Each structure stands twice: as structure tokens, then as C-alpha cells.
Amino acid sequence: MTGHGGQIDDAAALVEVGQYGAGEVEDAVADPIAVLGAVGEQAGDLDALLAELGVGVAARGEARQAVRRDVPEEPVARPAAPPASGGPDRGGRIFSSPLARRLAREAGLGIETLSGTGPGGRVVRRDVEAAVAARRTQATQPPATPAPLAAAPVPQPAAPGAPAAPAGTGDYEDIPHTRMRRAIARRLTESKQQTPHFCLRATCAVDELLALRQRINAVSPVKVSVNDLLIKAVATAHTQVPEMNAVWQPEAVRRFRSVDVSVAIATDTGLVTPVLRGIENLSVSAIATRTRAFAEQARSGALRPADFEGGSITVSNLGMYGVEEFAAIINPPQAAILAIGAARDEAVVRDGAVTAAKVLGVVLSVDHRPVDGAVAARWLTAFTEAVQNPVRLVV
């Protein structure tokens, strides 16, 4: 819009008016349509003025015959289709007409997915209609008939007396679950999901413990292992901190009067945990004897269900495999499990001087329902003192 007497800028933005159907327009481009005069100006000979402007004067009351020409809905010559982005790269903008945007929205089409054929790659109505028609055509076309599958080879029965092939193909083998493996999986999954574990770690100096073992084995008819001494240390700690000798029950915390400890024994079919009972009253050699008997029964499958009942803590030792430290899963319904690593040489400070020593890493996993952290910490301190002063284990 410009004021009176203002000049029209040819570079000013123009408004594009879209055509929504076929029609006719008058061929009267550049013909004068009015004569403007100033306020108070008297009109002279209008016919002479119009003739001077090159406009023929029609007779009074006779309408000027307009020259009309048909306008096709689409131009005969179309510009080359722009890229699928909807137009040339103009800084990420997609140019489209308002009608095209409305039609695309109603048809569920993204305007950015359409190819524009309008001026400058603008998306116009015909582009939306073409996309809708193409989608309708694809929906009505029958799906391609899939190629027939090759018949699967029929397995031939094995020859009589031939061993059955393992249930596996390719580079792997499926090993069916045994009853023991299913029981282990079920119980440990329940433990991790339902038992609130927390872990405490400690490092024990075992130089004196190893020396005591050598002296015992020099006179004992039964060879004593480091694990046997550590089981006795567990019994000593349970005696000093009886709050750890308990398990969680739905209605109460059950505390035991005797110390029953499960021992983890690895077999070819899985891990078993028979229970050593009343070990607070057993000697180290007696513990060694019972542990070896359990190990033989476990490997021969002679353990009874009663051998697995009871106990408040399990001892699991992987030190013989060189494992320095690990955290074990509690064996329900027990309240704790002690994971024992391998003894190793480390530099320690004793009396203000750095010296080499044999140390052992242990991790205590505890059920937080019957046992609080402070109780577990006191128990781990009592265990560490019993290991580092092993004379308590034989008196």
C-alpha cells in the first residue's frame, strides 16, 4: 500500500493469489479503468480524454464487450520438479501455499515430504493431490505373492544303537537344565530380588595363621586346610557377636543357640552347601574331617536333604583359583555369606615400618532385614582378630 502520489517499488513483495479451479478472466490488462480528478475539479470532455488515452468510447448504455480467454487449471509447461525436500535449499524453509498446507494436514501428510512443482519449488495443491492419489493407489494394489518356500529337509531317524546328537546346531550346544541347576537358579534369583544385600570388606594378615597350620599338620592325623581354620574363625566371631547368628522369618527374627555354618562345595553338577553343625564345640581337625566327608558325599551324590537344612551363614572360598576378592549371593534363608579370596603378598606398615606380609581379602554379604550394619561391622572385626591371632582358634 502506498500513499497519494507515492511511487510503487518494483522490488516490493507481492502477494500471490492462488487459482483454485478453471475459469475465465477478461483480457483487459493495461486498460484504464477510471479517471481521477482533484477535489473540486470539473470534468471536461471525457470522451476526448479517453480517446487521447487510446481507449475507444462505446455508445451510451452499450456495454463494452470484454475479450475473454480460457485459463487452464494447470499451466502447459511445468518447471522441473525440485528435490524431495519440497523446494530448493532456502535455509531449511519449505515454501508452500496455505491451501496445500491445509490439504496435507487433513490427509495426514508432512509438507516436508512432498515435492513442490510451483514457482521456485513451492508446494501447491496439485502436489498434495498427487501424493494422496499415489498413496491411495498403493493401498488398493494387492500384495505381492511371496515366493514359495523350499521344503525343509525331513530329519532321518538315527541308526539303531547310534548315540543321540546334542540339542544344538551351528557353533553352540544347548545343555538341558538339571534339577540341581534349576534349584540353584531359582533360589539365588529369589535371594537377589527379595533379600536386601549389603557388603562389608576387610583385609586380614594371615602370616601367623599359615604358620599355625604348618604346626598343626605336623602333628595332626588329618591335614588341616586354610579354609578349615577360617570356618573355625567364623564360629568364634558368631560366639562373640550372637546377633549375627540369626535369620529372618515373616513374624520374627530367629536367633540360634548353636553355630551351624554351611560350606560351599563345587561339584560337576553344581554348587552344594551342606551344613556343619555345632562347630563352636569342634576342634579344627574335627571340622577338617567333616568337611572332607561332605565333599566326598557331594561328588558321589550321597548328600541327604537334611544335610542342607539350617545354618545362618555360608563360607565360600575361591582363593584356590587365584581370585583376590568377590561378593557372593546370600543362600536363603540364611542371613550372611562370607566370600574368601586368595592370600597374596602385599606391603604393610607394622610399627611404623613398611614390610611384606601375606594378606587375605574377604567380603561379607549380609541380609539387612535381621542384621544392621553396625552388628555386621562388629562381627567382621571379631573375625579379623581371630584370623590375625589364630591361637584363639585352638584354645
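Refer to the structure printed above.
Before going into details, it helps to say that this report is about the structure given with it.

### Focus: the overall build of the protein chain
So, point 1. If you tally the helices and strands in the protein chain, you get 8 helices and 12 strands.
So, point 2. The burial tally for the protein chain puts 32% of its 395 residues in the buried class.
So, point 3. Within the protein chain, contacts between residues separated by at least 24 positions form 65% of all contacts whose residues are at least 6 apart in sequence.
So, point 4. A total accessible area of about 26,000 Å² is found for the protein chain, and carbon and sulfur atoms account for 55% of it.

### Topic: the sheet that holds strand 3 (residues 197–205)
Hydrogen bonds between backbone groups are what pair the strands of a sheet, and the pairing can be parallel or antiparallel.
So, point 1. With mixed pairing, the 6 strands of this open sheet are ordered in space as 3-12-11-10-6-9. One side of each edge strand has no neighbouring strand; the edge strands of this open sheet are strand 3 and strand 9 (275–276).
So, point 2. Bridge count between strand 6 (residues 261–263) and strand 9: 2 bridges; the pairing is antiparallel. Counted as the bridge partner of Val-261 is Leu-276 from strand 9.

### Section: the nonpolar core
So, point 1. Counting residues in hydrophobic clusters, the biggest one holds 52 residues, and the most contacted among them are Met-244, Ile-279, Val-362, Leu-364, Trp-379 and Phe-383.
So, point 2. Tallying contributions element by element places helix 8 (residues 373–388) first for this core, with 8 residues.
So, point 3. With residues up to four places along the chain from it excluded, the contact list for Phe-383 reads Cys-204, Leu-230, Ala-233, Val-234, Ala-237, Leu-338 and Val-362.
So, point 4. With 9 residues, the next largest nonpolar core counts Ala-104, Ala-107, Ile-111 and Leu-114 among its residues.

### Some points on helix 6 (residues 226–240)
So, point 1. Between its first and last C-alpha, helix 6 extends 21 Å over 15 residues, near the 21 Å set by a 1.5 Å rise per residue.
So, point 2. Helix 6 sits mainly inside the fold: 12 of its 15 residues count as buried.
So, point 3. Among all positions of helix 6, only Asn-227, Asp-228, Leu-229, Leu-230, Ile-231, Lys-232, Ala-233, Val-234, Ala-235, Thr-236, Ala-237 and His-238 are buried.

### As for the pairing of strand 10 (residues 313–317)
So, point 1. In terms of burial, strand 10 is largely enclosed, as 5 of its 5 residues are buried.
So, point 2. The alternating pattern of strand 10 places Ile-313, Val-315 and Asn-317 on one face and Thr-314 and Ser-316 on the opposite face, and all of these are buried.

### Section: the side chain of Thr-236
So, point 1. Mapped onto the elements of the fold, Thr-236 is located in helix 6.
So, point 2. Ignoring any residue separated from it by four or fewer positions in sequence, one finds Thr-236 in contact with Ala-386 and Leu-393.

### Quick look at the packing of helix 5 (residues 207–219) against helix 6
So, point 1. Where helix 5 meets helix 6, the axes come as close as 10 Å, and the angle between the chain directions of the two elements is 115 degrees. By the criterion of interaxial angle, the relationship of helix 5 to helix 6 is roughly perpendicular. Like other packed secondary-structure pairs, helix 5 and helix 6 cross with a definite hand, here right-handed. For the pair helix 5 and helix 6, contact is made by Leu-209, Leu-210, Arg-213 and Ile-216 and by Val-226, Leu-229 and Leu-230, respectively.
So, point 2. Counted by class, the contact of helix 5 with helix 6 contains 6 nonpolar, no polar and 1 charged residues.

### Points about the side chain of Ser-262
So, point 1. Relative to the assigned elements, Ser-262 resides in strand 6.
So, point 2. By relative accessible area, which is 1% here, Ser-262 ends up buried.
So, point 3. Side chain to side chain, Ser-262 and Gln-334 meet in a polar contact 2.7 Å long.
So, point 4. Ignoring sequence-local partners within four residues, the contact set of Ser-262 consists of Thr-273, Pro-274, Val-275, Gly-310, Ile-313, Thr-314, Val-315 and Gln-334.

### Brief notes about the packing of aromatic side chains
So, point 1. Counting across every chain of the model gives 1 aromatic pair.
So, point 2. Aromatic pair Trp-379 and Phe-383: ring centres 5.6 Å apart, planes at 5 degrees, arrangement stacked. A residue pair is termed a helical-turn pair when its members lie 3 or 4 positions apart in one helix, as Trp-379 and Phe-383 do in helix 8 at 4 residues. The same class applies to Trp-379 as to Phe-383, namely buried.

### Let's talk about the pattern of salt bridges
Any two side chains of opposite charge can pair, given that their charged atoms come close.
So, point 1. Using the criterion set out here, one finds 12 salt bridges in the structure.
So, point 2. Arg-201 is the salt-bridge partner of Glu-325, the closest N and O atoms lying 2.9 Å from each other. In this pair, Glu-325 is assigned in the loop between strand 10 and strand 11 (336–350) and Arg-201 in strand 3, connecting sequence segments 124 residues apart.
So, point 3. Accessibility expressed as a relative area gives 53% for Arg-201, which makes it exposed.
So, point 4. In this structure, Asp-307 engages Arg-304 in a salt bridge whose closest nitrogen and oxygen atoms are separated by 3.3 Å.

What counts and what doesn't
- Residues numbered from 1 in each chain as written.
- Predicted model: local features only at pLDDT ≥ 70, side-chain atom pairs only at ≥ 80, totals over all residues.
- Heavy atoms only, no water.
- Helix = DSSP H or I, 4+ residues; strand = E, 2+ residues; numbered from the N terminus.
- Buried < 20%, exposed > 50% of the residue type's maximum accessible area, 1.4 Å probe, protein only.
- Contact = heavy atoms within 4.5 Å.
- Areas by Shrake-Rupley, 256 points an atom, 1.4 Å probe, with all protein chains shown as cover.
- Pairing = 2+ DSSP bridges.
- Core = buried A, V, L, I, M, F, W, Y, C linked by side-chain atoms within 4.5 Å.
- Expected span 1.5 Å × (residues − 1).
- Axes fitted to C-alpha atoms, helices over the stretch in contact; angles between N-to-C directions.
- Parallel < 35°, antiparallel > 145°, perpendicular 65-115°, else oblique.
- Left-handed = near helix turned anticlockwise from the far one by under 90°.
- Nonpolar A, V, L, I, M, F, W, Y, C, P; charged D, E, K, R; others polar.
- Polar contact = N/O pair within 3.5 Å; in protein donor to acceptor, adjacent residues only side chain to side chain.
- Phe/Tyr/Trp six-rings, centres within 6.5 Å; stacked < 30°, edge-to-face > 60°.
- Salt bridge = Lys/Arg side-chain N within 4 Å of Asp/Glu carboxyl O.

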